[in-house]
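Take a look at the letters that make up each chain.
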Amino acid sequence: MATVLNYYAGGNTARGFYSLYESNLQGLSRLFILKGGPGTGKSSLMKKLGKEWNEKGYDIEYLHCSSDNDSIDGLIIPALQVGIVDGTAPHVIEPKAPGAVEEYVNLGKAWDSEILKTQREAIELLSGKISEAFSAAYGLFAQALAVHDEWEKFYIDNMDFEKANQLTEELIGRFFGEKRKDKKADVRHRYLGAATPKGAVDFVPNLTEGVSKRYLIKGRPGSGKSTMLKKLAAEAEARGFDTEIYHCGFDPHSLDMVIVRELGFAIFDSTAPHEYFPERENDEIIDMYGSIIAAGTDEKYADEIKDVSRRYRENMNKAIASLATAKDLHDQLEEIYIRAMDFSVINQITEEINAQIHLLSEQ
C-alpha cells in the first residue's frame, strides 16, 4: 500500500511565520512553484495530483497549510524526486537552479484582470486587514512564549541535570547500541503540528503509523524534553541514520519529536497540546517529571503555576482567534478571485504538470 505522510513545513509561531521548506525540498530533481493569488486553485491542483499518483502506488507527502485547515501548501512524490509548492507569500521559495530544477507556474493566466481591477479597493483593504491579523497573532504568540519561559523556570530550577544527562545516555545506548550506517544521514526538519485557525493540530498518529516502537515523553514545561530530543537527533545524524526532526509549532527553536525509521522508532513530547497515551503494545512512557524533577515541585508552586498557566492560555486563545480572523478575511479575498477565474485554464495547467510528472516516471 502506498503511504501518505502529513506534516507542516511552515508555521505561525512565536517567532513569526517560520519556514522549514528548504529542508524538505532538498534532493528534488523537479520542483513546480505555483504563483497566483488566493482562490486560484493551488491547493486543489496539488490535492488532485497527489490523489492520482498515490492511487498509482506512489508514496506521497502533503505539506499542510497552517493558516487554512483545509488547504495544502505542497506535494512531494519522493520516488520521482518531484515536488509542487505554493510559492506565494509567506512561503516564498528561492530557486537554486531555475529552469533546470525549479519552474514557475503562473496560475494568474486564468484570471480576468478587468474584473479584478474593479475590485482593487476591496482587495487592498482585505490584504491590509489580513496582514494586521497575522501581526496581532504573532505578537500574542510572542507574549505567550514569554509567559511559557516563566512557567519553565519553576521546573528548570528544580531539575537534576546529572540525572537528565544520565537518562539521555541510557536512551542513546538503548536506541543505537553499536549500530552505525556508512553514509551521510538524510536529515529533514519539519513540524509535527501547528497553531491553526481551528487551534492546535498535529499529525502524530499519521507520522508514527509505520514505526514499530514509540516512546511517549511525559513532563512539565522546562523538564528537558526538547534538549533530550536534540541530543538524540544529533546522535542519529552522527551515526549516519536518516532522521526526521519535528520542531515545535509554537516555538521552532524547540523540538517535539524525532523519528529514525531505519531503526523503527519515534520519540515525542506527548504533553498538551499534542497529548497521547500508550495505545499500541510497544508504546512506552518516558516520565521526565518523575525521574529528574525534585519531588513536590508541582505542589510547592501550585498557585504560581496556576497563574502562569492561565496567562499562557489566555494569550494562546487570543492568538488563535487572530488566526481565525485572518482566515475569515482570506476567505472573503478568495471569493473575489474565484469570481474572476476561468478554472478550465487551471485544469489545463494541471494536465501539463501531470504530463511532465509522467515523463519523469518513465525515465
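Coordinates for the structure precede this section.
For clarity, every value in this text was computed on a predicted model and none was experimentally measured.

J.: Now, about the layout of surface pockets: what can you tell me, with residues and values included?
T.: There is about 940 Å³ of room inside the second largest pocket. Together, 43 residues line the second largest pocket, and Pro38, Lys42, Asp86, His330 and Glu334 are the ones closest to its centre. Of all the elements in the fold, those that place two or more residues in the lining of the second largest pocket are strand 2 (10-13), helix 2 (42-55), strand 6 (72-77), helix 4 (120-156) and helix 10 (302-339). Ranked by the residues each element gives to the lining of the second largest pocket, the list is headed by helix 10, at eight residues. By residue class, the composition of the lining of the second largest pocket is 16 nonpolar, 18 polar and nine charged.

J.: Explain the pairing of strand 4 (residues 30-35) to me, using residue names and the numbers behind them.
T.: Taken across its six residues, strand 4 has five buried, putting it largely inside the fold. Pairing geometry for strand 4 and strand 7 (residues 82-86), over five bridges, is parallel. Within the sheet, the bridge partner assigned to Leu31 lies in strand 7 and is Gly83. Where strand 4 meets strand 8 (residues 102-106), five bridges bridge the pair, whose relative direction is parallel. Note that in strand 8 the partner of Leu34 across the bridge is Val105.

J.: Please give an account of the nonpolar core that cites residues and values.
T.: Core analysis: the biggest nonpolar cluster contains 62 residues, and Phe141, Leu171, Phe175, Met228, Phe250 and Ile267 have the highest contact counts within it. Elements with a minimum of two residues in this core: helix 4, helix 5 (161-176), strand 12 (213-218), helix 7 (225-238), strand 14 (255-260), strand 15 (265-269), helix 8 (288-292) and helix 10. What Met228 contacts, discounting residues up to four positions off in sequence, is Leu167, Thr168, Leu171, Ile217, Ile267 and Met288. Core analysis: the second largest hydrophobic core is formed by 28 residues, Leu5, Tyr7, Leu31 and Ile259 among them.

J.: So what's going on with the pairing of strand 12? Which residues, and what values?
T.: Both faces of the sheet carry side chains from a regular strand, because those side chains alternate between them. Most of strand 12 is tucked away: five of the six residues are buried. In this structure, strand 12 lies alongside strand 15, joined through five bridges in parallel fashion. Its bridge partner being in strand 15, Arg214 is matched across the sheet by Ala266. Taken together, the four bridges between strand 12 and strand 16 (residues 284-287) define a ladder with parallel strand orientation. Bridge assignment links Leu216 to a residue of strand 16, and that residue is Ile285.

J.: Give a description of the packing of helix 2 against helix 11 (residues 343-361) that names residues and reports values.
T.: Their axes nearest at 11 Å, the elements helix 2 and helix 11 cross at an angle of 35 degrees. Crossing geometry of helix 2 relative to helix 11 is assigned as right-handed. Of the residues in helix 11, those in contact with Leu45, Lys48, Leu49, Glu52 and Trp53 of helix 2 are Ile349, Thr350, Glu351, Ile353, Asn354, Ile357, His358 and Ser361. A per-class count over the contact of helix 2 with helix 11 returns six nonpolar, four polar and three charged.

Thresholds, definitions, all that
Residues numbered from 1 in each chain as written. Predicted model: local features only at pLDDT ≥ 70, side-chain atom pairs only at ≥ 80, totals over all residues. Heavy atoms only, no water. 1 Å grid on protein atoms, 1.4 Å probe; cavity = no way out; pocket = protein on both sides within 12 Å on 5 of 7 lines; lining within 4 Å. Points joined across faces, edges and corners; volume = space filled by probe spheres on them. Helix = DSSP H or I, 4+ residues; strand = E, 2+ residues; numbered from the N terminus. Nonpolar A, V, L, I, M, F, W, Y, C, P; charged D, E, K, R; others polar. Buried < 20%, exposed > 50% of the residue type's maximum accessible area, 1.4 Å probe, protein only. Pairing = 2+ DSSP bridges. Core = buried A, V, L, I, M, F, W, Y, C linked by side-chain atoms within 4.5 Å. Contact = heavy atoms within 4.5 Å. Axes fitted to C-alpha atoms, helices over the stretch in contact; angles between N-to-C directions. Left-handed = near helix turned anticlockwise from the far one by under 90°.

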